[in-house]
Amino acid sequence: MIEAQQLTKRYGEKTATDRLDFVVRPGSVTGFLGPNGAGKSTTMRMIVGLDAPTSGSVTVGGRRYARHRAPLQEVGALLEAKSIHPGRSAFQHLNALALTHGIPRSRVHEVIELAGLESVAKKRAGAFSLGMGQRLGIAAALLGDPQTVMLDEPVNGLDPEGVLWIRNLLTGLAAEGRTVFVSSHLMSEMALVADHLIVVGRGRLLADTTVHDLIREAGGDTVNVTTQEPTRLREALAGPDVDITGWPGSEELQVRGVSARDIGLRAAQHGIALFELSQKTVSLEEAFMDLTKDAVEYHGSTAGIESPGRAA
Ligand SMILES: Nc1ncnc2c1ncn2[C@@H]1O[C@H](COP(=O)(O)OP(=O)(O)OP(=O)(O)O)[C@@H](O)[C@H]1O
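Residues numbered from 1 in each chain as written. Predicted model: local features only at pLDDT ≥ 70, side-chain atom pairs only at ≥ 80, totals over all residues. Heavy atoms only, no water.

Time to look at the packing of helix α3 (residues 90-100) against helix α5 (residues 130-142). Each pair of packed helices gets described by two things: the angle between the helix axes and the distance between those axes. For the pair α3 and α5, interaxial distance at closest approach is 10 Å and the crossing angle is 20°. In terms of orientation, α3 and α5 fall into the roughly parallel class. Read as a crossing pair, α3 and α5 show a hand that is right-handed. Every residue of α5 that contacts α3 at A90, H93, L94 and L97 is listed here: L136, A139 and A140. Here the residues of the contact of α3 with α5 are counted per class, giving six nonpolar, one polar and no charged. (Axes fitted to C-alpha atoms, helices over the stretch in contact; angles between N-to-C directions. Helix = DSSP H or I, 4+ residues; strand = E, 2+ residues; numbered from the N terminus. Parallel < 35°, antiparallel > 145°, perpendicular 65-115°, else oblique. Left-handed = near helix turned anticlockwise from the far one by under 90°. Contact = heavy atoms within 4.5 Å. Nonpolar A, V, L, I, M, F, W, Y, C, P; charged D, E, K, R; others polar.)

Dropping the structure here:
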């Protein structure tokens, strides 16, 4: 379990994390999301003691990282800037880590196999592709068989097979009852792998919720329905948890709180003809963009990019 309390980090004038309160629980995969510069890496660095909070605190398994006698066995972390000696092989790198942390050599072989690195274990890590480097970083994170696993952008550079491997690895670790905390900008991947989400923007906590609830709150449970008799349909669907919107006089209504199936059945019972009945689909990406739209620091622009063949 990871617990952050009023976790704040300032770099001079810049507030990287601003009084963050959250709990990452064991037994599920928790996604850590936020636009560029939101404070995710800073938070993760503070979790493993690579940066000290300006105020507030963060603990893993009830203690600050530095207070653990065998931290590698408590928290396994893959952070973005991984320092691996380029001249060392994957085996040497992992073995050196194991030796300095009292971990048996047999575990080195286990994580090499787990990360699919058997065929390159003796090669210089400096010659590794981005994907191989990621696998090596993940192998190192798992070396101590930790109860908490924290990975910053683990799918970065991985091919589709690697992405699938990570997905199964993370869900498997959570199923074993471990705490799994993972950041990614790949929303489609997060939607598949994460149960819970912590979303930050400009250092602040924006949401601490489930994937399902975030999508629902972004309108993912809305049904669009078109009928010639919107007033009668409104009456037929009315109920305590039902929310119906639509422009006055318009034949199109947006309904929340009733499924498309039940709208169709109730319309039929009342003899109301429908022209359209469609469940609105909202992706995690859309829900995320909606939630973070005011917290994006770095906006891109396509203005000024001329399409080919257009006269300048
Ligand atoms: N060592 C540092 N010195 C000064 N400012 C820093 C330092 N580290 C981070 N920052 C600033 O703190 C803010 C949060 O950065 P951080 O890297 O934690 O964000 P992030 O959410 O991980 O971003 P990304 O998604 O781009 O990796 C940014 O504005 C960044 O410029």
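Structure shown, so let's carry the discussion forward.
Attention now goes to unusual backbone geometry. Non-glycine residue D145 carries a positive phi angle of around 50°. Within the fold, D145 resides in the loop between α5 and β6 (148-152). Residue class for D145 comes out partly exposed when judged on its relative accessible area of 43%. At E153, a residue that is not glycine, the phi angle is positive and equals roughly 50°. Assignment of secondary structure puts E153 in the loop between β6 and α6 (160-175). The exposure class assigned to E153 is buried, which follows from its relative accessible area of 9%. (Buried < 20%, exposed > 50% of the residue type's maximum accessible area, 1.4 Å probe, protein only.)

Moving on, we get to the side chain of D51. When you line up the elements, D51 lands in the loop between α1 (40-47) and β4 (55-60). Within the local environment of D51, its side chain forms a polar contact with the side chain of Y11, the two groups lying 2.7 Å apart. Engagement of the side chain of D51 in a polar contact is seen with the side chain of R45, the distance being 3.1 Å. Here D51 is in contact with K9, Y11, R45 and M46, once residues within four sequence places are set aside. (Polar contact = N/O pair within 3.5 Å; in protein donor to acceptor, adjacent residues only side chain to side chain.)

Another point: the packing of aromatic side chains. For the structure shown, the criterion picks out three aromatic pairs. Joined through ring pairs, the aromatic side chains of F22, F32 and F181 make up one cluster. Its guanidinium or amino end placed over the ring of W165, R135 lies 4.7 Å from that ring's centre, counting from NZ or CZ. (Phe/Tyr/Trp six-rings, centres within 6.5 Å; stacked < 30°, edge-to-face > 60°. Lys NZ or Arg CZ within 6 Å of the ring centre and 35° of its normal.)

A separate point is helix α11 (residues 284-292). Along α11, the residues that are buried comprise L284, A287, F288 and T292. Seen end-on, α11 carries its buried residues on one side only, within an arc spanning 115°. Looking at the buried side of α11, the elements it contacts are β3 (29-33), α7 (187-193), β8 (196-201), β9 (204-210) and α8 (211-220). (Arc of directions from axis to C-beta.)

Here we come to empty space enclosed by the protein. Across all of its chains, the model carries one cavity of 30 Å³ or more by this definition. Size it by volume and the largest cavity reaches roughly 60 Å³. P154, V155, I166, L170, V182, S184, E189, M190 and V193 are the residues that line the largest cavity. Listing elements by their share of the lining of the largest cavity, those giving two or more residues are α6 and α7. The element that contributes the greatest number of residues to the lining of the largest cavity is α7, accounting for three residues. (1 Å grid on protein atoms, 1.4 Å probe; cavity = no way out; pocket = protein on both sides within 12 Å on 5 of 7 lines; lining within 4 Å. Points joined across faces, edges and corners; volume = space filled by probe spheres on them.)

Around the ligand, a shell composed of 15 residues is seen, among which G37, K40, S41, T42 and H185 lie nearest. Take N36: an N or O atom from its side chain is 2.9 Å from an oxygen atom of the ligand. Computed on the free molecule, the ligand has an accessible area of 640 Å², of which 67% lies beneath the protein chains in the complex. Sorting the residues of the shell around the ligand by element identifies β2 (14-24) and α1 as the ones contributing at least two each. Ranked by the residues each element gives to the shell around the ligand, the list is headed by α1, at four residues. Here the shell around the ligand is built from residues that sort into five nonpolar, six polar and four charged. (Near = heavy atom within 4 Å. Areas by Shrake-Rupley, 256 points an atom, 1.4 Å probe, with all protein chains shown as cover.)

A few words on the sheet that holds strand β12 (residues 252-256). Reading across the sheet, the four strands line up as β11-β12-β10-β13 and stay open at both edges, with antiparallel pairing between neighbours. The open sheet has two edge strands, β11 (243-245) and β13 (274-279), and neither has a second partner. Strand-to-strand twist in this sheet, taken as the mean axis angle between neighbours without regard to direction, amounts to 20°. Here helix α10 (residues 260-269) sits on the sheet in contact with β10 (222-227), β12 and β13, set at roughly 160° to β13. (Pairing = 2+ DSSP bridges.)

Below, the discussion takes up the confidence of the model for the protein. Considering every residue of the protein, the mean pLDDT works out to 90; 94% of them sit at 70 or more. For this predicted complex, the interface score ipTM comes out at 0.97, alongside a pTM of 0.85. (pLDDT = per-residue confidence, 0-100.)

As a further point, take the pairing of β3. Of all five residues in β3, five are buried; the element is thus mostly enclosed. Going residue by residue along β3, you find V29, G31 and L33 tucked away on one face and T30 and F32 tucked away on the opposite face as well. Where β3 and strand β7 (residues 179-183) come together, four bridges link them in parallel fashion. Residue F32 lies in a different strand from β7, and its bridge partner there is S183.

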